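Spelled out from the first residue to the last, the chains are:
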Amino acid sequence: AKREKYTEAVWPILFLRGISFERSKNWDLAEADFISALELSPDEPQVLNYMGYSLLERKEKLDQAMRMITLAAEKAPNSYHIIDSLGWAHYKSGEFEKALLYLEKAMELESTVQIVNDHLGDVYWMVGRKTEAEFQWRRALSFDPAAEEIERIKKKLKVVAACGNGT
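Residues numbered from 1 in each chain as written. Predicted model: local features only at pLDDT ≥ 70, side-chain atom pairs only at ≥ 80, totals over all residues. Heavy atoms only, no water.

**Details of the layout of surface pockets**
As a reminder, the rule being used: Computed over the protein atoms alone on a 1 Å grid, cavities are sets of points where a 1.4 Å probe fits but cannot get out and pockets are open sets with protein on both sides within 12 Å along at least five of seven lines; a residue lines them when it has an atom within 4 Å of a point. Grid points are joined across faces, edges and corners, and a volume is the space filled by probe spheres set on the points. Helix and strand labels come from DSSP, where a helix needs a run of H or I of at least four residues and a strand needs a run of E of at least two; each type is numbered from the N terminus.
In this model, the largest pocket occupies a volume close to 890 Å³. Lining the largest pocket we find 29 residues, and of these Glu-22, Arg-23, Tyr-50, Tyr-53 and Glu-57 sit closest to its centre. Looking at the lining of the largest pocket element by element, the count peaks at 7 residues for helix H3 (residues 45-58).

**A short note on the environment of Asp-144**
Note the threshold: Buried, partly exposed and exposed residues are distinguished by accessible area as a fraction of the type maximum, computed with a 1.4 Å probe on protein chains only: under 20%, between the cut-offs, and over 50%, respectively.
Its location among the elements puts Asp-144 in the loop between helix H8 (130-141) and helix H9 (147-163). Using a relative accessible area of 69% as the deciding quantity, one classes Asp-144 as exposed. In this structure the C-alpha to C-alpha distance between Asp-144 and Gln-114, which are 30 residues apart in sequence, comes to 7.6 Å.

**Some details on the packing of aromatic side chains**
Just so we agree on the cut-off: Whether two aromatic rings pair depends on their centres lying within 6.5 Å, for rings of Phe, Tyr and Trp, where Trp uses its six-membered ring; planes under 30 degrees apart make the pair stacked, over 60 edge-to-face, and the rest tilted. Note on criteria: charge over ring means Lys NZ or Arg CZ within 6 Å of the ring centre, with the direction from the centre no more than 35 degrees off the ring normal.
Taken as a whole and judged by the stated rule, the model has 8 aromatic pairs. Ring geometry for Phe-34 and Tyr-50: centres 5.4 Å apart, planes at 55°, overall tilted. Residue Phe-34 is found in helix H2 (residues 27-40), and its partner Tyr-50 is found in helix H3; the two are separated by 16 residues along the sequence. Put simply, the rings of Trp-11, Phe-15, Trp-27, Phe-34 and Tyr-50 touch in pairs and so form one group of aromatic residues. Over the aromatic face of Trp-125 sits the side chain of Lys-130, whose NZ or CZ is 3.9 Å from the ring centroid.

**Concerning the packing of H3 against helix H5 (residues 80-92)**
Note the threshold: Helix axes use the C-alpha atoms of the stretch in contact, all axes being lines fitted to C-alpha atoms, and the angles between their N-to-C directions lie in the range 0 to 180 degrees. These descriptions rest on fixed angle ranges, namely under 35 degrees for roughly parallel, over 145 for roughly antiparallel, 65 to 115 for roughly perpendicular, and the rest for oblique. For any helix crossing, the convention is left-handed if the near helix is rotated counterclockwise from the far helix by under a right angle, and right-handed if that rotation is clockwise. For this analysis, residues touch if any pair of their heavy atoms sits within 4.5 Å. Only Asp, Glu, Lys and Arg are considered charged in this grouping, and only Ala, Val, Leu, Ile, Met, Phe, Trp, Tyr, Cys and Pro are considered nonpolar; every other residue, Gly among them, is considered polar.
It is the contact of H3 with H5, at a shortest axis distance of 10 Å, that shows an interaxial angle of 30°. Taken together, H3 and H5 sit at an angle that is classed as roughly parallel. Like other packed secondary-structure pairs, H3 and H5 cross with a definite hand, here left-handed. In this structure, H3 contributes Pro-45, Gln-46, Asn-49, Tyr-53, Leu-56 and Glu-57 to the contact, and H5 contributes His-81, Ile-82, Ser-85, Trp-88, Ala-89 and Lys-92. Residues belonging to the contact of H3 with H5 are distributed by class as follows: 6 nonpolar, 4 polar and 2 charged.

**Some details on the pattern of salt bridges**
Formally: By definition, a salt bridge exists where a carboxyl oxygen of Asp or Glu is found within 4 Å of a side-chain nitrogen of Lys or Arg.
Taken as a whole and assessed by the stated rule, the structure comprises 13 salt bridges. Across the salt bridge formed by Arg-129 and Glu-104, the nearest N and O atoms sit 3.7 Å from each other. Of this pair, Arg-129 sits in the loop between helix H7 (114-126) and H8 while Glu-104 sits in helix H6 (residues 96-109); the two residues are 25 residues apart in sequence, bridging distant segments of the chain. Relative accessible area serves as the criterion here: at 29%, Arg-129 is assigned to the partly exposed category. Overlapping salt bridges, with partners in common, bring together Asp-118, Asp-122, Glu-149, Arg-152 and Lys-156 in one network.

**Describing the packing of H5 against H7**
The relative placement of two packed helices is expressed as an angle between their axes plus a distance between the axes. Two numbers describe how H5 lies on H7: the axes approach to 10 Å, and their chain directions differ by 30°. Considering the angle they form, H5 stands roughly parallel to H7. Both H5 and H7 take part in a crossing whose hand is left-handed. For the pair H5 and H7, the contacting residues are Tyr-80, Asp-84, Trp-88 and Tyr-91 in the first and Ile-115, Val-116, His-119, Asp-122, Val-123 and Met-126 in the second. Looking at the contact of H5 with H7 residue by residue, the class counts come to 7 nonpolar, 1 polar and 2 charged.

Now the structure itself:
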């Protein structure tokens, strides 16, 4: 790819192929494509975010993941999914107040996405805002999530019910 004259046209192909590899659970090939895409376009926020979030979810190279997502957010401050990723990275780091700031911003940018509502619910729960957490999780269910997401969210709502309607 580096020898190609049109590197601007090549990095998206590597990025999309990396996504395909990641979704088919072939992380080694996915990571190689993401790295190659970043070599061609080092500050590309979509690649930085996707690879950073993937590392975060895999619980690998967490410092690198945070740096990548932070840079992506600097490059694309109005991208709800990148701001959501930054909030989620802070959540995973146990920085719930910082997570709350970013996830509420992601909600301001796009309020009709299941994962944003779900993540915000998780942060509300961790900061003791149980009723708001329940609301966000119920709202997340209204956006037609995948079957495995439905089950995961319903488990959270069972905990809420066991705690007495969000209190």
